[in-house]
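So you can see what is in the structure, the chains are spelled out below.
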Amino acid sequence: MAQMNPAGLWKTIDDSTGVAKSLVRITDDAGVYRGTIEKLLDPATKPDAVCDKCTDERKDKPLLGLTILRNVHQDADDKTVWDGGDIT
């Protein structure tokens, strides 16, 4: 059985509206994953929109190109669990 790997291009969907929001590229760097917004899909989102809900150094940074998943890795003991890092 192939091991599941989250690396690739993912479409994000708004939980409450079901509208596709963005394309996020998840990359694997020696087992540590990061995800960056590659394309905005929701026509209601302006191309120059910024992260006004971020509370760290990403506050007011452009959404396009924003890293929204950082330092996530697979649990050493349970390969079905992804651990660490943060998801904005």
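Shown above is the structure to which this text applies.
I will try to describe carefully the structure that is included in this document. (Residues numbered from 1 in each chain as written. Predicted model: local features only at pLDDT ≥ 70, side-chain atom pairs only at ≥ 80, totals over all residues. Heavy atoms only, no water.)

Considerations on the pairing of strand β3 (residues 32-40)
This is how the line gets drawn: Paired strands, in this sense, are two strands between which DSSP finds at least two bridges. The secondary structure listing takes helices from DSSP runs of H or I that are at least 4 residues long and strands from runs of E that are at least 2 residues long, numbered from the N terminus.
Summarising the sheet, strand β2 (residues 20-29) and β3 pair through 8 bridges and their orientation is antiparallel. By the bridge assignment for β3, T27 is matched with R34. Taking the residues between adjacent antiparallel strands as the criterion, β2 and β3 are bridged by 2 residues, where A30 takes a positive phi near 55°. When β3 meets strand β4 (residues 67-74), the two strands line up antiparallel, connected through 4 bridges. Its bridge partner lying in β4, G35 is registered against L69.

With respect to the layout of surface pockets
Selection criterion: Computed over the protein atoms alone on a 1 Å grid, cavities are sets of points where a 1.4 Å probe fits but cannot get out and pockets are open sets with protein on both sides within 12 Å along at least five of seven lines; a residue lines them when it has an atom within 4 Å of a point. Grid points are joined across faces, edges and corners, and a volume is the space filled by probe spheres set on the points. In this classification, the charged set is Asp, Glu, Lys and Arg, the nonpolar set is Ala, Val, Leu, Ile, Met, Phe, Trp, Tyr, Cys and Pro, and all remaining amino acids, among them Gly, are polar.
For the largest pocket, the calculated volume is near 510 Å³. As for the largest pocket, its lining consists of 18 residues, and the residues nearest its centre are K21, S22, I37, L63 and T88. If you list the elements that add at least two residues to the lining of the largest pocket, you get β1 (8-13), β2 and β3. Each residue belonging to the lining of the largest pocket can be placed in one class, and the counts come to 10 nonpolar, 4 polar and 4 charged.

Examining the pattern of salt bridges
Where we set the bar: Definition used for salt bridges: Asp or Glu carboxyl oxygen within 4 Å of a side-chain nitrogen of Lys or Arg.
Tallied over the entire structure, the rule returns 7 salt bridges. Between R70 and E57 there is a salt bridge, with the nearest N and O atoms lying 2.4 Å from each other. Pair noted here: R70 is in strand β4 and E57 is in the loop between β3 and β4, with a separation of 13 residues, a long-range link. Residues participating in the shared-partner salt-bridge network are D56, E57, R58, R70 and D86.

Quick word on the environment of E57
Spelled out, the test is: Only protein chains enter the area calculation, which uses a 1.4 Å probe; residues under 20% of their type maximum are buried, those over 50% are exposed, and those in between are partly exposed. Within 3.5 Å is the distance limit for a polar contact, defined as a pair of N or O atoms, with the added protein rule that one can donate a hydrogen and the other accept it, and that residues adjacent in sequence qualify only through two side-chain atoms.
For E57, a relative accessible area of 52% gives the class exposed. The sequence separation of E57 and M4 amounts to 53 residues, and the corresponding C-alpha distance is 31 Å. Engagement of the side chain of E57 in a polar contact is seen with the side chain of R70, the distance being 2.4 Å.

Some points on the environment of T17
In this fold, T17 is placed in the loop between β1 and β2. Note on T17: relative accessible area 52%, which makes it exposed. Between the alpha carbons of T17 and K61 there is a distance of 24 Å; along the sequence they are 44 residues apart.

Brief notes about the side chain of S22
The line we're drawing: Two residues form a contact once any of their heavy atoms are found within 4.5 Å.
Along the chain, S22 falls in strand β2. A polar contact of 2.7 Å, which involves the side chain of S22, links it to the side chain of T12. Setting aside residues no more than four positions away along its own chain, S22 makes contact with W10, K11, T12, I37, K39, L40 and L41.

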